Each structure stands twice: as structure tokens, then as C-alpha cells.
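Close look at the chain arrangement
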Amino acid sequence: MKSVKMYVNAAEKISHINPEIYGHFSEHLGRCIYNGIYVGEDSSIPNVNGVRKDIIDAFKKIKMPVLRWPGGCFADEYHWKNGIGDKSKRAKMVNTNWGGITEDNSFGTHEFFDLCEELGCEPYLAGNVGSGTVRELSEWIEYITFDGISPMADLRRKNGREKPWKLKYLGIGNENWGCGGNMRVEHYVDLYRQYQSFCKNYSGNELYKIACGPGGGGDMFYDWTDKLMKNINPSMAKAITLHQYTLPTNDWNHKGDAVKFDRNEYYDTIDHTLYMDTLIKNHVKIMDRYDPNGEISLIVDEWGLWFDVEEGTNPGFLYQKNTMRDAVVAAVNLNIFNTHSKRVSMANLAQAVNVLQAIILTEGEKMVLTPTYHVFDMFKGHQNGELVYSYADEVRTGDDRIPLLSKSVSVKDGVMTVTLANCSIDDDAEISCNIEGFDGADAEAVILTADDVHMGNDIDHPDDVVIKPFEVTKTDRGFSAVLPKCSVVTVTLR
Ligand code: AHR
């Protein structure tokens, strides 16, 4: 057992936690959209306009604030006009990035925007810069958002939608330094400036335009942030993106197995997850040079664990299982994003269903909520909260390789949400937390943990790792609790 002293000052408000920090990402990749979220209107699986009803309910429960679509790498080869109108006549396409499979475009603009409306979440569109045209993107915006008489608005009406949808978040390209065109930053910046000029605000809709930022650290990506920031301003872009995946091994050829890992690999995984904090700090430092008032924010629109694909599955489908290790990694990342919420306005886990660190896995009509899903459920109290000052002694674990505790604290409507992760698989953590500037007589808590870090939920064992009530002791000055090793805890004080 190791002891950690924690201190919270609720009077010291640091930043607003945008709900979009709890965002998700859905790409035409493997079984994320087709045979995942979307099963089609004729499926025997209960659905709303072809989208699984159980998935809609699960997304609503965690208050999914924003959903990014259609990619990823896929976005830069997506031509939206192939995905509208009579489904039986839609042009088919080859998904060259992900398994070379042929898609029938039955999930397109209407299906996506109707889904977001049903969920009550913000749609986040990734526009095609790599293989599209300025006109194609500009017409997509007109199709979605224009209320008057125009060629694209008329086409939308012809396809059955009278009123425009709302569209706030618009990404202009995706990983344009890589799958989105292998561009030099100089080239992308010029394209960005051009594309964004023709993405108009129609009928009272206001776009929040997002430029493609770096994909990690290192000279190339710090240079990308530097040159991008030098050549844009807040009237052209409200945010730039950062992509950062966590690999246990840091080796893209041998990423490691999702379920079979040893103690060493576990601690490496947490250590590599913590690099997110360094990355954000380093990129924000560069952003500050050009934008000291923080008018351009940072969006981590792809993050999560990336393992070797599950044996026997299509290598292009990126299907992997999910264990308590994933839960701890999710909690650590979300605490980091909260901590940086002054600059980080959104984050999107990759990906929502059946791909990478998914929150949901499906098999036929069955559906499973992963440990990562439960972490989003436990952290939802932070959405729209005010991050407040918190401090914890740096007690280390795993042969001193990582800090034992990950934490963040917010206050909203007189309720304090404290999210904690005991990142150790060796030591329980005795927490004693003193709180100032907040009157709360009651403390309630829930926990996500398992006897073994390798445990997760799968189709045959959907409830092995679930949220349970957890005992904390309310003290005069705050609370105390013993967090079992490898656990995620939310304490709610009111
Ligand atoms: O999430 C999988 C892929 O990872 C995305 O398509 C791409 O943007 C990134 O490289």
C-alpha cells in the first residue's frame, strides 16, 4: 500500500471543460460504420433509420457531445455526392486505406447528420483536401447548411431533407502530412488558406474551422505546428489538430497484443500514455509564440491505444479487444485533457465501435460495452464543469517508472467531480484528500476495477468489468479512500 496526499482548492478556477473533450470518432474503417453503428433499415437488429438502437442508447447514456466522421484517412478519398440520394443507385467505392473492400455508400451525409440529431451531439465533418476539390467541399457545406434557394440546397430537398442541419466543426483535411496527401507543410498551409476561404457561413450557421496539425512530436511535427501557426490566424482557423496514439512498444511493426501483455509492457503503456501531457505542452508552447491569447485551440481528434489486430481478423479492420489496461489509459488521457482544457477544446477517441480502443464491440446482434466505455460514463460529470486547482504528492510505482495517481477535479452547479486512477498493478493507493473552497457534506463514489488487469468485456462475458459503488470516507476537510491497484474511481461531492 502506498499513501498519497491530495489537495483541492475549489476557489481557484482554472478553465472551462468543453464537453467536446469527451468526443468520439467514427470512420469508414472495418466494422465501425457498416456492421457496427449502421446495419441498414432492413436489418432484424432493432434500428433507427438503419442505426442500431442499442448503440444509440449507449451513446446517449455517456452524453456523447461530438462525433467525427467520415475519417481519418478515409476522409481524404471520400466524395460526398456518392453518398446521397436513392441508396440503390449510389455509386460504390473502394476503401483503399482499410482492407480494400468495396462500400455501397449507404451511410452518407443524411444518415450521419440524422444520427447526430438523434443523439443531440455536434457533428464534426472531416473534409477531403487530399483528393477532393475546393468546389466539392464548398458545395458540401452549402448542401448541409443553406436554407435558401440554391443548387445544393435544392438537391438536399430533393433527397428528402427540407431544413438544413447545423454544422459547427469542420476539419479541412486529415493527416495531410501522411495519408491525406503526403504534403509538405508549406503546401498544406496554402491549400488550407484557399479551402477555408470557400467554406461559407450560410443561414446563420457558423463554422468552427479546424486545420490539420501534427501527428506526434519530433522535429518534423514541431516544425509543422510552427509553420502552420505562422500562416493562419483566428479568422481562418479556430483550432489545429493533434493526433497521438499510444503503443505499448512504440514500434509500429510490433505494437503488442491487446490482452496478452506482461508487467513490463503494462508500465511501458502507461508511461507512453503520459507522453500526451508533454506533447500538448510542447505544441502549445509553439502555438503561444503566434497566438499568445490562445484564440486558436488544440483538438486531439485522434487518440487511444493501438495494438496488433486480433488474430484471425482482417488486418485492415483494426479490431482489438479492450481490458482494464485500456480503462486506466482512458482515465489518464481524459485527466490530461481536463488539465489542459484552457487550450484543448475537443478530443476524440479512436474509434467508437469495433475499431482500435472502441467503447463498443458488436458481434451480430450482440453488443458489449468495453471498460473504456465505462470510463466515459464515470467522467461525464466533468462535461461543462470548471476545472479547479488540484495537487497530489508525486508517489511513484512500477519500479518508480510512473506516478501512482492520475487525477482531475471540476465543479459544476455546486457538485464537485473528482476522477482518479490508481495506475499501479502492484500497489493499492491510500488517498487522503483535503478540499478548500467547497461546501459539500456528502461524498459518493463509484469504481471500475478487476481482479486482473487483463480482464475485459467480450461478447461471451459482457459484464466482467462494470461500474460498482465504492466506499469513501467523508472527513472534516475532504475525503479518504483506498483505491485498489489498477482502478478508476469517481468521487462526487455535494
Ligand atoms: O484511426 C485510424 C487512422 O489513424 C486514421 O484513419 C488516421 O487518421 C490515423 O492515421
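For clarity, every value in this text was computed on a predicted model and none was experimentally measured. (Residues numbered from 1 in each chain as written. Predicted model: local features only at pLDDT ≥ 70, side-chain atom pairs only at ≥ 80, totals over all residues. Heavy atoms only, no water.)

Some thoughts on the domain arrangement of the chain
To be explicit about the condition: Domain ranges listed in this record stem from an automatic or a database domain assignment. Here the quantity called buried area is the total loss of accessible area, with a 1.4 Å probe, experienced by two parts when brought into contact, counted for both. One side-chain nitrogen of Lys or Arg within 4 Å of one carboxyl oxygen of Asp or Glu is enough to make a salt bridge. Polar contact is the term for a pair of N or O atoms within 3.5 Å; when the atoms are in protein, one must be able to donate a hydrogen and the other to accept it, and sequence-neighboring residues count only if both atoms are side-chain atoms. Where helices and strands are cited, they refer to DSSP runs of H or I of at least four residues and of E of at least two residues respectively, numbered from the N terminus.
Split by domain assignment, the chain resolves into domain 1 (2-10 + 388-493) and domain 2 (18-383). Computed over C-alpha atoms, the centres of domain 1 and domain 2 are 29 Å apart. Summing the contributions of domain 1 and of domain 2, the shared interface buries around 3,100 Å²; its carbon and sulfur component is 63%. Interface area lost by domain 1 to domain 2 is led by Arg401, His454 and Ile459, which between them contribute 21%. Summed over the shared surface of domain 1 and domain 2, the number is three salt bridges. A salt bridge links Asp426 to Arg263, with the shortest nitrogen-to-oxygen separation between them at 2.9 Å. On inspection of domain 1 and its partner domain 2, the count reaches 21 residue pairs in polar contact (both at pLDDT 80 or more). Looking at the side of domain 1 that touches domain 2, the elements with two or more residues in it are β18 (402-403), β19 (405-412), β20 (415-422), β22 (443-449) and β26 (487-493).

Regarding the packing of aromatic side chains
Cut-off, in case you're wondering: Whether two aromatic rings pair depends on their centres lying within 6.5 Å, for rings of Phe, Tyr and Trp, where Trp uses its six-membered ring; planes under 30 degrees apart make the pair stacked, over 60 edge-to-face, and the rest tilted. For each residue, the accessible area found with a 1.4 Å probe, counting protein chains only, is set against the maximum for its type, and the residue is called buried under 20%, exposed over 50%, and partly exposed in between. Two thresholds decide whether a charge sits over a ring: the Lys NZ or Arg CZ must be within 6 Å of the ring centre and within 35 degrees of the ring normal.
Following the criterion strictly, the structure yields 25 aromatic pairs and no others. Ring plane angle 50° and centroid distance 5.9 Å describe the contact between Tyr78 and Trp140, whose orientation is recorded as tilted. With Tyr78 in the loop between β5 (66-69) and β6 (93-95) and Trp140 in helix α3 (residues 134-145), the pair connects residues that are 62 residues apart, well separated along the chain. In terms of burial, Tyr78 and Trp140 fall into one category: buried. Look at Phe113 and Trp165: their rings are 5.3 Å apart centre to centre, the planes differ by 35°, and that puts the pair in the tilted class. In this pair, Phe113 is assigned in helix α2 (residues 109-119) and Trp165 in the loop between α4 (151-158) and β9 (169-172), connecting sequence segments 52 residues apart. Looking at Trp165, the relative accessible area reads 3%, which means it is buried. Cation over ring: Arg68 sits above Phe25, and NZ or CZ is 4.6 Å from the ring centre.

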